[in-house]
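Secondary and tertiary structure notes
Residues per chain are reported as follows:
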Amino acid sequence: MAKTPKASLGADVRTIAVEALTEAQVKRELGALAREILEHDRRYYLEDAPIISDEQYDALRQRNEAIEARFSALVRADSPSRRVGAPPGTGFQKVVHRHPMGSLQNAFSEEEVRDFIDRVRRFLALPEGEPVAVVAEPKIDGLSAALRYENGRYVQGATRGDGITGEDVTANIATISAMPKVIKNAPAVLEVRGEVYMGGDEFTKLNAAQEKAGKQLYANRRNAAAGSLRQIDPAVTAERQLRFFAYGHGEVSEETWTTQWEFLEQLKRWGFPTNPLAKHCKTVEEALALHRDIGQGRKGLAYDIDGVVYKVDRIDWQRRLGSVSRAPRWALAHKFAAEQAETVVRKIVVYVGRTGALTPLAQVEPVHVGGVTISNIGLHNEDIVAEKDVREGDTVIIQRAGDVIPQLVRVVPEKRKRGARKWKMPEVCPICGSAAVREEGEAVRRCTGGLICSAQAVERLLHFCSRLAFDIHGLGEIQIAQFWENGDIKEPADIFTLPRLASRLKPPLAERPGWGETKMRNLFRAIEARRTVSLDRFLYSLGIRHVGESTARLLAMHFGSLDNLLATMAAARDEDSDARAALDSIDQVGPVLAQALIDFFNEPHNQKVVRDLREVVTVEDFARPAMDSAIAGKTIVFTGTLERMTREEAKARAQQLGAKVAGSVSKKTDLVVLGPGAGSKAKDAERLGIKTIDEDEWLKLAGK
Ligand code: IVH
């Protein structure tokens, strides 16, 4: 039996808001996205056998772009945003496109289309409201190809490939009956571009034949067209009856048209098939009306389309508009809205993300929406479930929008079974059993299990080893993930037993790929160097919510010792105790932080983590700031590069001596420490008459 590719759950659960990602998560996710998208590209372009839908694929790319837009410094050299499609496969000669074959910007709503026209107008400095005529035509779901003619004779046909280099499929394209082999009155060089597609009932026939032959089925017409075009034997391509619509051009030696519309007319005169639904639209409203019309008639067409493409009609304007990252500024693909379907919710389960966020997920009767089978739908948070009042057993309407993952639109109340119970979010983590709490003002409920929750462990362990925490070199994401998956490191204390157990691990560490003797020894040395840790680093390393680096120092300063802090936490467990009030009243500790601390230290799993850690490391009491120091109570600003200590060290030392450290110079500043390269802050200090010192003087003050 042939298998139909199924969509994977992977993309459905990428639900952490981009803004909420940590830098480590961003790096990891961009890496994962680059790998995943490359793999999907390979399957799509080279094997014609994708395993996810176009929308899921779009969602991956958009996620990648959204993260990159926010974290531009972390964009990878191999980012999917830097390439189009997949490099050509082997088996065909390569063709380097004389003009690269780009892609289109997408829009999913009428508003975005109007914005597009406004952008065009602004770019061209046209008066507001001036109509921008466009050619609108269906976006054919096939694969683009470039057909080259020299002196009116067809000489070469190529696929897009990665946009720079494609595959030479000259003979295969020649099997398309509607493409002209010879053109009268053609310029000396003419490269026509368009879409090769599979129409009529060709697709159904082909899949029936594939099934009979025990071969893999094609997921959709597009893949069938691509697979058929890329047959080594053109005779096989010929049997598949491919078709072609021309819509653009690459290199041409002479242009006799001044608008896109005239160009389409010219294509027709040369004998190329062009899409009969293409229309010259004088205004954006006319173009949008065509989009609606075509959308409605879409099911009746003998080929698949996934939107409408708008192209600025005037060629001189197209030239001025040019391209951005290989997509023309003068064209836009307006995708069709989500397709809807009805299905039944079997169960609502809860997924735990890497930050501990609990996300409800509806498992539904698998349903086909626009060519893909959906069986899971993310419901974001408990408020959304309550607002939509989704219950297990309910009949629901779901949709797949072009840009996002499947969504649950609404419940069909008439079809609700009697006795259906309101759904309730669990108050314990379904993975580790720790309490799951929802803070005031937050939509998301989070597992408090932290380090012991397998959903969060790798992220938490990474934080534990990070520079401002235990600062263990040699334990990066890859190593931690490996140790975690092997079961060698489950909680932080296990890190410190690694050196002792290394030879008894299975397989022994020295025998694992990537683990030479030297690397192993270096890691053990780095671990041993951290057997003693300051209280502030220790607190920071635990990854308690709301406890960042400076809060950790504040707590360390206040409590002085871990025993002291733990005793207060134990006492605060009792709602009425004075300990809670005492905690609230610490300068800069509000009730939210106080509650986060109490939640964390009262979770039995976390208590075990702390207990186990204390068996293997020594937590130093916090040296109280010497209040008689020269800078006690003063506000200090550091600027420029310090050469003999890091900024963090200087900051910590100043705080230890009872000073406050500020980020900018103001009237309240008492002292500015100037390192080489100090800029505007030095000037501010001078202007305000604030005392400045250099690094040497600072070191003297700091007692170093
Ligand atoms: S114009 C710079 N017109 O959509 C690319 N493309 O997402 C200009 N497509 O690679 C392309 N129908 O394969 C254009 N009427 C149409 C199209 C169309 C389908 C495809 C084409 C292109 C992809 C871009």
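Residues numbered from 1 in each chain as written. Predicted model: local features only at pLDDT ≥ 70, side-chain atom pairs only at ≥ 80, totals over all residues. Heavy atoms only, no water.

What to know about the environment of serine 680
Considering the arrangement of structural elements, one finds serine 680 in helix 23 (residues 680–688). On the accessibility criterion, serine 680 (52% relative accessible area) is exposed. Put simply, serine 680 and arginine 70 are 610 residues apart on the chain and 27 Å apart in space, counted from C-alpha to C-alpha. (Helix = DSSP H or I, 4+ residues; strand = E, 2+ residues; numbered from the N terminus. Buried < 20%, exposed > 50% of the residue type's maximum accessible area, 1.4 Å probe, protein only.)

Concerning the site of the ligand
Neighbouring residues of the ligand: 14 residues in total, closest Glu137, Ile140, Glu195, Tyr247 and Lys311. Contact between the ligand and glutamate 195: an oxygen atom at 2.8 Å from a side-chain N or O atom of the residue. Here tyrosine 247 contributes a side-chain N or O atom positioned 3.4 Å from a nitrogen atom of the ligand. For the ligand, the protein covers 85% of the area, taking 520 Å² as the surface of the free molecule. Among the secondary structure elements, those contributing two or more residues to the shell around the ligand are strand 3 (134–140) and strand 10 (305–312). For the shell around the ligand, the leading source of residues is strand 3, giving four residues. Its residues placed into classes, the shell around the ligand shows six nonpolar, three polar and five charged. (Near = heavy atom within 4 Å. Polar contact = N/O pair within 3.5 Å; in protein donor to acceptor, adjacent residues only side chain to side chain. Areas by Shrake-Rupley, 256 points an atom, 1.4 Å probe, with all protein chains shown as cover. Nonpolar A, V, L, I, M, F, W, Y, C, P; charged D, E, K, R; others polar.)

Re the packing of aromatic side chains
Across all of its chains, the model carries 13 aromatic pairs by this definition. Ring centres 5.6 Å apart and planes at 90 degrees place the aromatic pair tyrosine 149 and phenylalanine 272 in the edge-to-face group. Of this pair, tyrosine 149 sits in strand 4 (residues 143–150) while phenylalanine 272 sits in the loop between helix 8 (260–270) and strand 9 (279–281), and the two are 123 residues apart along the sequence. The exposure classification of tyrosine 149 matches that of phenylalanine 272, with both residues buried. Relative to phenylalanine 263, the ring of tryptophan 257 has its centre 4.9 Å away and its plane inclined at 45 degrees; by these criteria the two rings are tilted. Residue tryptophan 257 shares its accessibility class with phenylalanine 263, and that shared class is buried. An aromatic cluster of at least three residues, connected via ring pairs, comprises Phe464, Phe470, Phe496 and Phe538. (Phe/Tyr/Trp six-rings, centres within 6.5 Å; stacked < 30°, edge-to-face > 60°.)

Structural notes on the side chain of threonine 669
Note that threonine 669 resides in the loop between strand 24 (660–662) and strand 25 (671–674). Separated by 2.8 Å, the side chain of threonine 669 and the backbone nitrogen of serine 666 make a polar contact. Not counting residues within four places of it along the chain, the set of residues in contact with threonine 669 comprises Thr635, Val637, Ser664 and Ile690. (Contact = heavy atoms within 4.5 Å.)

Some remarks on the confidence of the model for the chain
When the pLDDT values of the chain are averaged, the result is 87; 94% of them are 70 or greater. Every residue in residues 1–13 scores below 50 in pLDDT, and together they form 30 contacts with partners more than four places removed in sequence or on other chains. (pLDDT = per-residue confidence, 0-100.)

Remarks on helix 22 (residues 647–656)
What helix 22 keeps buried is the set Ala650, Ala654 and Gln655. Looking down the long axis of helix 22, one finds its buried residues gathered within 130 degrees of arc, a one-sided arrangement. Looking at the buried positions of helix 22, the neighbouring elements they touch are helix 17 (549–559), strand 23 (635–639), strand 24 and helix 24 (695–701). Phi turns positive, to about 90 degrees, at glycine 658, one or two residues after helix 22. (Arc of directions from axis to C-beta.)

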